[in-house]
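Next come the chains, spelled out residue by residue.
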Amino acid sequence: MNAFEFRAPPRIVVQDGASERLGALLADLGARHALIVTDPFLSASGLIDAAVAGLEPAGIAVTIFDAVQADPPEASILAATEMARTGGVDAVVGLGGGSAMDTAKLAALLAASDQRLADIYGVDQARGPRLTLVQMPTTAGTGSEATPISIVTTADGQKKGVVSDWLYPDLAILDATLTLGLPPRATAMTGIDAMVHAVEAYTTRLKKNAVSDALAVRALGLLGQNIRRVVEDGSDLAARRAMLEGSLMAGMAFANAPVAAVHALAYPLGGLFHVPHGLSNALVFAEVAAFNLPAADRLYGELAPVLPDDLTGRRRDGEGFVQAIGALVAQMPMEQCLSQVGVTETDLDRLAEDAMKVTRLLVNNPREVTPTDARAIYRALL
């Protein structure tokens, strides 16, 4: 295996109820005024109340930005940045799903400098400094609390990424109690998303490494063994905790061993049809896995044993793995084909064209994807 570097957040706290310690943990980081970045639902539901309540007793002033949008558009990120900049905050807390955490990352970065968002798309285009950054996920899916990546929806519907070590948080707080209220459909979508991260990290071409491999295998085991439990019983705290830990490990894995064609083909579904990111990945996951099988058979065979026997048919090979992914996705309470999210035959060329633009991810795929391949994958999913 080639030489590699592995990077991760400097501190991770995994504890049920840890959100109530947010004030003390921010004070440890020297923060005095925190911007909480969240979405309207979480703000109105009261889910953030316990975390916010502990800030003032710790001597930390609070400002709340609760206008995060799904698949965050540039305007939403810039609005959060402006609130951070004009409000005099010295710390940003992303509290929510991937969209909230991605927004928080960029608000913390842009508020502390004169960089323009349009100038930092791509890999290592951003520079410091940034404000203190803390991430608290409320879904077990994106793993954004452990990655240096933020995905933005541009005005023309494209999804672009900012990839920079400046986006790693200073602290990630994983409190499984924050995920208890997630409905079955959202639990399923985000859980499959995390599984995609683990699988694509393990099968990536260019930066595959031993640490990511170990994390990906452990993550896939936790996720695959528990996703049906949390979908069926959202109050199962032990299963929720396992999913959150699996999502974290998958995030750490793909932060250092990047994702590939599943994400590349999923992005246009989000950008053009506003399909949630987790659902976009879930829709194309099994078909891309089957497409990759000729090139990834051995690696898939190494992953198959960590998935439940009833999904693999007790097969410990690549075919068994692909069978398991197809069976699991089919059991999830969510849309199963592209026509259910508004895609028609006339959209396939545009989808394939946009997917082929995501070259930073396609180069990681174990099998080369051509425009004809991309269109055929979409066509099979109608």
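Whatever comes next refers back to the structure up there.
Below: a short report on this structure.

1. A closer look at the overall build of the chain
Phase 1 of the analysis: Within the chain, the regular secondary structure consists of 15 helices and 9 strands.
Phase 2 of the analysis: In terms of overall dimensions, the chain is globule-like: its C-alpha atoms have a radius of gyration of 20 Å, near the 21 Å expected for 382 residues.
Phase 3 of the analysis: Summarising its shape, the C-alpha atoms of the chain cover approximately 55 × 45 × 40 Å along the three principal directions.
Phase 4 of the analysis: Out of the 382 residues belonging to the chain, those deemed buried represent 58%.
Phase 5 of the analysis: A fraction of 77% describes how many contacts in the chain between residues 6 or more apart in sequence connect residues 24 or more apart.
Phase 6 of the analysis: A total accessible area of about 14,200 Å² is found for the chain, and carbon and sulfur atoms account for 52% of it.

2. Quick look at the sheet that holds strand β8 (residues 159-163)
Phase 1 of the analysis: Spatial strand order, β5-β8-β7: 3 strands in an open sheet with mixed pairing. Of all strands in the sheet, those with a lone pairing partner are β5 (122-123) and β7 (149-153), marking the two edges.
Phase 2 of the analysis: One ladder, built from 5 bridges, connects β7 with β8; its direction is antiparallel. Directly across from V152, in β8, lies its bridge partner K160.
Phase 3 of the analysis: Relative to β7, helix α5 (residues 98-110) is tilted by about 100°, and along the sheet it contacts β7 and β8.

3. Looking at the environment of Y267
Phase 1 of the analysis: If you trace the backbone, Y267 turns up in helix α9 (residues 261-273).
Phase 2 of the analysis: Under the relative-accessibility criterion, Y267 is labelled buried at 7%.
Phase 3 of the analysis: Separated by 116 residues in sequence, Y267 and I151 have C-alpha atoms that sit 9.8 Å apart.
Phase 4 of the analysis: The residues touching Y267, leaving out its near neighbours within four places in the chain, are I151, K159, H277, V358, R360 and L361.

4. Comments concerning the layout of surface pockets
Phase 1 of the analysis: The space that makes up the second largest pocket amounts to roughly 260 Å³.
Phase 2 of the analysis: Lining the second largest pocket are 16 residues; nearest its centre among them are Q158, K159, K160, K357 and V358.
Phase 3 of the analysis: Every element with two or more residues in the lining of the second largest pocket is listed here: β8, α9 and α14 (359-362).
Phase 4 of the analysis: Each residue belonging to the lining of the second largest pocket can be placed in one class, and the counts come to 5 nonpolar, 6 polar and 5 charged.

5. Considerations on the sheet that holds strand β2 (residues 33-37)
Phase 1 of the analysis: As summarised here, the arrangement of the 6 strands in space is β1-β9-β6-β4-β2-β3, forming an open sheet in which the pairing is parallel. In this open sheet, the two edge strands, each paired with only one partner strand, are β1 (12-14) and β3 (61-65). With strand direction ignored, the average angle separating the axes of adjacent strands in the sheet is 20°.
Phase 2 of the analysis: As defined by bridge partners, strand β6 (residues 132-137) adjoins strand β9 (residues 171-174) across 2 bridges and the pair is classed as parallel. Each bridged residue has a counterpart across the sheet, and for V134 the counterpart in β9 is L171.
Phase 3 of the analysis: With respect to the sheet, helix α4 (residues 74-87) is in contact with β2 and β3, its orientation differing from that of β3 by roughly 160°.
Phase 4 of the analysis: Its contacts with the sheet put helix α8 (residues 237-256) on β1, β6 and β9, and the angle it makes with β1 is roughly 160°.

6. Topic: the pairing of β2
If a strand is regular, its side chains alternate between the two faces of the sheet.
Phase 1 of the analysis: Of all 5 residues in β2, 5 are buried, a share of seventy percent or more.
Phase 2 of the analysis: As judged from the 5 bridges shared by β2 and β3, these two strands associate in the parallel manner. Directly across from V37, in β3, lies its bridge partner F65.
Phase 3 of the analysis: Relative to strand β4 (residues 91-96), β2 runs parallel, the two being bridged by 4 bridges. Within β4, the residue paired with L35 across the bridge is V92.

The rules we used
- Residues numbered from 1 in each chain as written.
- Predicted model: local features only at pLDDT ≥ 70, side-chain atom pairs only at ≥ 80, totals over all residues.
- Heavy atoms only, no water.
- Helix = DSSP H or I, 4+ residues; strand = E, 2+ residues; numbered from the N terminus.
- Rg over C-alpha atoms; globule rule 2.2 N^0.38 Å.
- Buried < 20%, exposed > 50% of the residue type's maximum accessible area, 1.4 Å probe, protein only.
- Contact = heavy atoms within 4.5 Å.
- Areas by Shrake-Rupley, 256 points an atom, 1.4 Å probe, with all protein chains shown as cover.
- Pairing = 2+ DSSP bridges.
- Axes fitted to C-alpha atoms, helices over the stretch in contact; angles between N-to-C directions.
- 1 Å grid on protein atoms, 1.4 Å probe; cavity = no way out; pocket = protein on both sides within 12 Å on 5 of 7 lines; lining within 4 Å.
- Points joined across faces, edges and corners; volume = space filled by probe spheres on them.
- Nonpolar A, V, L, I, M, F, W, Y, C, P; charged D, E, K, R; others polar.

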